[in-house]
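# Architecture and fold: a report
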Amino acid sequence: MARINQGTHSSVLLAILALLGAVVAGAFTARWIVQPIMHLNAAAKGMARGEWNEPVAIDRSDAIGELAASFNDMSRQLKVSFETLEQRVRDRTADLARSNENLAAAKDAAEAANRAKSVFLATMSHELRTPLNAILGFSNLMRRAARARQTSPSAEQREHLDIIHKSGEHLLDLINEVLDLSKIEAGRAIYHPTDCDLHALLRGLRELFGQRASDKRLSLHVQWPPETPRYVRTDEAKLRQVLINLLGNALKFTAQGEVQLVVTREAETKDGTGFCRLRFAVTDTGPGIAPDERAWLFRPFAQTRTGLKTQGGTGLGLAISREYVRLLGGEIDVESELGRGSQFAFELELVASDEAPPVVERIIAGLAPDQPRHRVLVVDDQEFNRRLLVQILEPLGFELAEAADGEAALEQWRIWRPDLLWLDLRMPGLDGHAVARRIRAEEPDRRTRLLAVSASAFAEEREQVLASGCDDFLRKPFGANELLEMMGRHLGLEFVYVDEVPQSNAPSSLPVVGPERLLALPELLRRQLHDAALCLDRQRVAELANRIAALDPELGAWLLGEIHEMRFDRLLDFLDGAVWQPVGP
């Protein structure tokens, strides 16, 4: 038994020793295996943090050593790859920065070019429109005087005046074409709907191009069916310009045959009453347009081979027409066949109305009686522009003064205290904007009315003008009626129109009026009347009498009676008593 117990104890002891040996061996083995793996794990975490410069130091030839060596190789390769990638990112970032700088520089250059273009257009518009304003203004004054029976030009002189005026308007149209294209490119073209008499517009086009067609021995037909509404709401100016461009091109390139403008009413696409869809088609029997030319037909300054042969026009008409039609809500289509002719057509959805009051321009003959005599200061650096305004205003009885620059205008304003200034915006030195700001700073109650005149290319300048302190804005070239009506709104003036002035060539049954009636007239008008009577210039005296009739109908009628009876002696006695007396305050 004892021997059995001893054997058992020995076995247990050996088992314990074996277990302890196994544990020690296992711990050593685990440490030998796990420790390198822990190093690899720490190195992997370091790589994740971007620590590439510490390789795993495991100098063994077994599988763990090979794993460590492979890990170190992978770490080196990743380091190289990441460094390469970082360099590429830095290079790309630098490239993007340079590209952004180039883009910013290009944007600045484009904006500078656009500003320079706007300045150039504004300057050229002023330089071209300013003399054109004088041409149209003075010719219009002469035509108005003839229509108001203040002058009696011969038929040939009337024709010459009409030629001058129409040529000036044609030049203005050419200038406007260039400016219109610039506005379109700058996104400044705006749709301005108004009530339009479509029938009158079409008749006007027929009259406008009738003579040109007749000169080329072409048949011109402008047709519209009875169901075409007379009054529609659209941008009349742009619609007219499109049709003028298309008809002008058709007549220019057609050597024989005919040109037609046909308006037809199409089926409406909108529900409800008041809408109408109209198709405008301009057809000619000209040379036609080649298929390869249609792709760039509507580009600015583009001309067909036929157009280049004629050496006429700017090549802008079709480009402007397409953009205007798009503003109106349509699209131009072209059909053409070489040797047979072309057709340009577009459709517009318009609002029709049954009736609209016709607008008739009435010619202002003068101021109504019993109105205060206003002082007006005319400020312009161009003498002919000042003279034009004086010629319009002086016969109406205004007290006038002139200034050729901004400093002189301010000095005159401070001393003379006019009721109204006609202020040109573009002047050397102190311009119109600066003059307006100074006057408003010195006169907070805005007693003086400031009306700006400009030959600007852009109507948007109106906002800048009003912001500088002016009360209104008139663009050159302007008409006399337009100018006077603006003054009337701001000064509360009442006018006498030509159709309201009594005209008489019969002997006057009125009693002789006294010289005091003449004293109410402008001094210049009195002197002109005296000089004409002294020279026995019956026609000139009659012209001046008609002017006076606008201010004093009874006095004008009496003067006409005196001229009819050839009583120049009594007329001179009448004038000598008043002509040299100054007008009282």
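Residues numbered from 1 in each chain as written. Predicted model: local features only at pLDDT ≥ 70, side-chain atom pairs only at ≥ 80, totals over all residues. Heavy atoms only, no water.

Note on pairing: side chains with opposite charge can pair once their charged atoms come close. All chains considered together, the criterion is met by 22 salt bridges. The partner of Glu323 in a salt bridge is Arg322, and the shortest N-O contact between them spans 3.8 Å. For Glu323, a relative accessible area of 24% puts it in the partly exposed group. With a shortest N-O distance of 3.2 Å, Arg446 and Asp471 are connected by a salt bridge. With Arg446 in the loop between helix 10 (432–442) and strand 12 (449–454) and Asp471 in the loop between helix 11 (461–468) and strand 13 (472–475), the pair connects residues that are 25 residues apart, well separated along the chain. Among the charged side chains, a salt-bridge network with shared partners connects Arg417, Asp419, Arg440, Glu443, Arg446, Arg447, Arg449 and Asp471. (Salt bridge = Lys/Arg side-chain N within 4 Å of Asp/Glu carboxyl O. Buried < 20%, exposed > 50% of the residue type's maximum accessible area, 1.4 Å probe, protein only. Helix = DSSP H or I, 4+ residues; strand = E, 2+ residues; numbered from the N terminus.)

Right, let's talk about unusual backbone geometry for a bit. If you check the backbone angles, Arg417 has positive phi at about 50° while not being a glycine. If you trace the backbone, Arg417 turns up in the loop between helix 9 (406–416) and strand 11 (420–424). Residue class for Arg417 comes out partly exposed when judged on its relative accessible area of 37%.

With that out of the way, let us pick up the confidence of the model for the protein. Model confidence for the protein is summarised by a mean pLDDT of 75, while 65% of its residues fall at 70 or above. When the criterion is pLDDT under 50, residues 500–512 qualifies, and its contacts beyond four places in sequence or with other chains add up to 24 contacts. (pLDDT = per-residue confidence, 0-100. Contact = heavy atoms within 4.5 Å.)

Structurally, Lys238 is set in helix 5 (residues 236–253). Of the residues examined, Lys238 reaches a relative accessible area of 10% and is grouped as buried. Among residues more than four places away in sequence, those in contact with Lys238 are Ile190, His192, Tyr324, Leu327 and Leu328.

Take the packing of helix 9 against helix 10 next. At a closest axis distance of 10 Å, the pairing of helix 9 and helix 10 adopts a crossing angle of 25°. When the axes of helix 9 and helix 10 are compared, the pair comes out roughly parallel. Once helix 9 is placed against helix 10, the crossing between them reads as right-handed. Between helix 9 and helix 10, the contacting residues are Gly406, Glu407, Leu410, Trp413 and Arg414 on the first element and Val435, Arg438, Ile439 and Glu442 on the second. (Axes fitted to C-alpha atoms, helices over the stretch in contact; angles between N-to-C directions. Parallel < 35°, antiparallel > 145°, perpendicular 65-115°, else oblique. Left-handed = near helix turned anticlockwise from the far one by under 90°.)

Let us look at the packing of aromatic side chains. Counted by the stated rule, this structure contains one aromatic pair. Each ring, one from Phe280 and one from Phe346, has its centre 5.2 Å from the other, and the planes form 15°; the classification is stacked. One end of the pair, Phe280, is in strand 5 (residues 275–284); the other, Phe346, is in strand 7 (residues 341–353), and 66 residues separate them in sequence. The pair Phe280 / Phe346 is uniform in exposure class, with both members buried. Just above the ring of Tyr324 sits the side chain of Lys238; from NZ or CZ to the centre is 5.4 Å. Lying across the ring of Trp413, Arg417 places its NZ or CZ 4.1 Å from the centre. (Phe/Tyr/Trp six-rings, centres within 6.5 Å; stacked < 30°, edge-to-face > 60°. Lys NZ or Arg CZ within 6 Å of the ring centre and 35° of its normal.)

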